[in-house]
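Examination of the molecular architecture
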Amino acid sequence: MTLLTRNDYVIRAIRPDEWERVKQLRLDALRDPVAHLAFLEDYEEAAARPDSFWQDRAVGSGTGSSTARQFIAEAPDGAWAGTVTMLIEEAGAEDWAGYPVERRQGHVVGVFIRPEHRGKGLIEALFDAGLTWAWERKTEGVRLFVHKENARAQAAYRRIGFEPSGRVVAFSKNEAESELELVLERDA
């Protein structure tokens, strides 16, 4: 799937052979000033991972995967400006926080837009691609978790249409902090 935004960015799924760019984008995301609120790993952990980890990640979320899809916004000069990853969660499974998954649903993770590309509609375009992919896989809804203190991300997700579900979970990096679950239901 390829989409064009009004600013000539190409929104597309990563390809498995692009693992080095997947790694670099993730490392850059982990250097963002709010990365400690937005991601479950830190830069040092990610940088220490072997190439095989990144190769597996690109295969597992690239074109051809039916369980996850990482979308990127590619700038006119070829630079990767941002990313969103959509995971498919199956009913009957247990999620990362230990809760039962009650229905087939999408789960958004790894959201990042480089600062110099923010404000251009890329997050909406990336989410459009991810949501379209999830709906094509017959999900009933999509969810994400956002740190209680990450107001910028919460505002962006609400603009897209996500609403609080009422579920609050402990932030895995610090049990004293919490994350809010936001959900978007599939239109009937």
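For clarity, every value in this text was computed on a predicted model and none was experimentally measured. (Residues numbered from 1 in each chain as written. Predicted model: local features only at pLDDT ≥ 70, side-chain atom pairs only at ≥ 80, totals over all residues. Heavy atoms only, no water.)

**Description of the overall build of the chain**
Counted only if it meets this: Secondary structure elements follow DSSP: runs of H or I no shorter than four residues count as helices, runs of E no shorter than two count as strands, and numbering proceeds from the N terminus. For this measure, only C-alpha atoms enter the radius of gyration; the expected value for a globule follows 2.2 Å times N^0.38, where N is the number of residues. The contact criterion used throughout is that any non-hydrogen atoms of two residues lie within 4.5 Å. In this description, accessible areas are obtained by the Shrake-Rupley approach with a 1.4 Å probe, and a residue is regarded as covered only by the protein chains that are shown. Charge counting treats Lys and Arg as positive and Asp and Glu as negative, with His and both chain ends excluded. By convention, the point assigned to a charge is CZ for Arg, NZ for Lys, CD for Glu and CG for Asp.
Secondary structure assignment for the chain yields six helices and eight strands. Reading the chain from its N terminus to its C terminus gives the helix and strand order β-β-α-α-α-α-β-β-β-α-β-α-β-β. Over its C-alpha atoms the chain spans a radius of gyration of 16 Å, differing by no more than 12% from the 16 Å that the globule rule assigns to 188 residues. Contacts spanning at least 24 positions in sequence make up 61% of the contacts within the chain whose residues lie at least 6 apart. Total accessible area computed for the chain in this model is approximately 9400 Å², and 49% of it derives from carbon and sulfur atoms. Across the chain, the mean location of the 25 positive side-chain charges is 3 Å away from that of the 32 negative side-chain charges.

**What to know about the pattern of salt bridges**
Under the convention used in this document: The term salt bridge refers to a side-chain nitrogen of Lys or Arg lying within 4 Å of a carboxyl oxygen of Asp or Glu.
Summed over all chains, the structure comprises 19 salt bridges. E74 is the partner of R12 in a salt bridge, and the nearest nitrogen-oxygen pair spans 3.1 Å. One end of the pair, R12, is in strand β2 (residues 10-13); the other, E74, is in strand β3 (residues 68-74), and 62 residues separate them in sequence. Salt-bridge contacts for R114 lead to D28; the nearest nitrogen and oxygen are separated by 2.8 Å.

**Describing the packing of aromatic side chains**
Here is the rule we go by: Working definition: rings of Phe, Tyr and Trp (its six-membered ring) pair if their centres are within 6.5 Å, and the pair is stacked with planes under 30 degrees apart, edge-to-face with planes over 60 apart, and tilted otherwise. To sort residues, take the accessible area from a 1.4 Å probe on protein chains only and compare it with the maximum for the residue type: under 20% means buried, over 50% means exposed, and anything in between is partly exposed. Think of it as a cone above the ring: NZ of Lys or CZ of Arg counts as a charge over the ring if it is within 6 Å of the ring centre and within 35 degrees of the ring normal.
Counted under the stated rule, the structure contains three aromatic pairs. Measuring from centroid to centroid gives 5.7 Å for F127 and Y157, while their planes differ by 50 degrees, and the two rings are tilted. In this pair, F127 sits in helix α5 (residues 122-136) while Y157 sits in helix α6 (residues 151-160), placing the two residues 30 residues apart along the sequence. For the residue pair F127 and Y157, the accessibility class agrees, reading buried in each case. Taken together, the ring pairs connect F127, Y157 and F162 into an aromatic cluster. When the ring centre of F53 is taken as reference, the NZ or CZ atom of R49 above it lies at 4.3 Å. Directly above the aromatic system of Y99 lies the positively charged group of R167, at a separation of 4.2 Å from the ring centroid.

**Describing α6**
Think of an α-helix as 3.6 residues a turn; residues three or four steps apart then line up on the same face. Definition in use: Comment: arc refers to directions from the helix axis out to C-beta atoms.
Taken residue by residue, α6 has A153, Q154, A156, Y157 and I160 as its buried positions. Relative to the axis of α6, the buried residues are bounded by an arc of 165 degrees and lie together on one face. Those residues of α6 that are exposed and aimed more than 90 degrees away from the buried face are A151 and R159.

**Section: the nonpolar core**
Across soluble globular proteins, you tend to see nonpolar side chains buried next to one another. Inclusion rule: Residues belong to one nonpolar core when they are buried, are Ala, Val, Leu, Ile, Met, Phe, Trp, Tyr or Cys, and are joined through side-chain atoms within 4.5 Å.
With 34 residues, the main nonpolar core has V108, F127, Y157 and F162 as its most contacted residues. Contributions of two or more residues to this core are made by β2, β3, β4 (80-89), β5 (105-113), α5, β6 (141-147), α6 and β8 (174-185). If you tally residues by element for this core, the top one is α5, at 10 residues. Each residue touching Y157, except ones within four places of it in the same chain, is listed here: V111, I123, F127, L144, V146, F162 and L182. By size, the runner-up hydrophobic cluster in this structure holds 15 residues, among which are I14, V22, L25 and A58.

**Considering the side chain of D28**
Basically, it comes down to this: Identification of polar contacts relies on pairs of N or O atoms within 3.5 Å, with a donor-acceptor requirement for protein atoms, meaning one able to donate a hydrogen and the other able to accept it, and with residues adjacent in sequence counted only if both atoms are side-chain atoms.
Inspection of the secondary structure puts D28 in helix α1 (residues 19-29). By relative accessible area, D28 is classed as buried at 19%. Separated by 2.8 Å, the side chains of D28 and Q24 make a polar contact. If we ignore the near neighbours within four places in the chain, the residues touching D28 are F112 and R114.

**Overview of helix α4 (residues 51-61)**
Of the positions making up α4, those classed as buried are W54, A58 and S61. Projected down its long axis, α4 carries its buried residues within an arc of 90 degrees, all on one side. Looking at the buried positions of α4, the neighbouring elements they touch are α1, α3 (43-47) and β3.

**Some thoughts on unusual backbone geometry**
A positive phi is found at K138, a non-glycine position, where the angle reads about 60 degrees. Inspection of the secondary structure puts K138 in the loop between α5 and β6. On the basis of relative accessibility, which here comes to 62%, the residue K138 falls in the exposed class.

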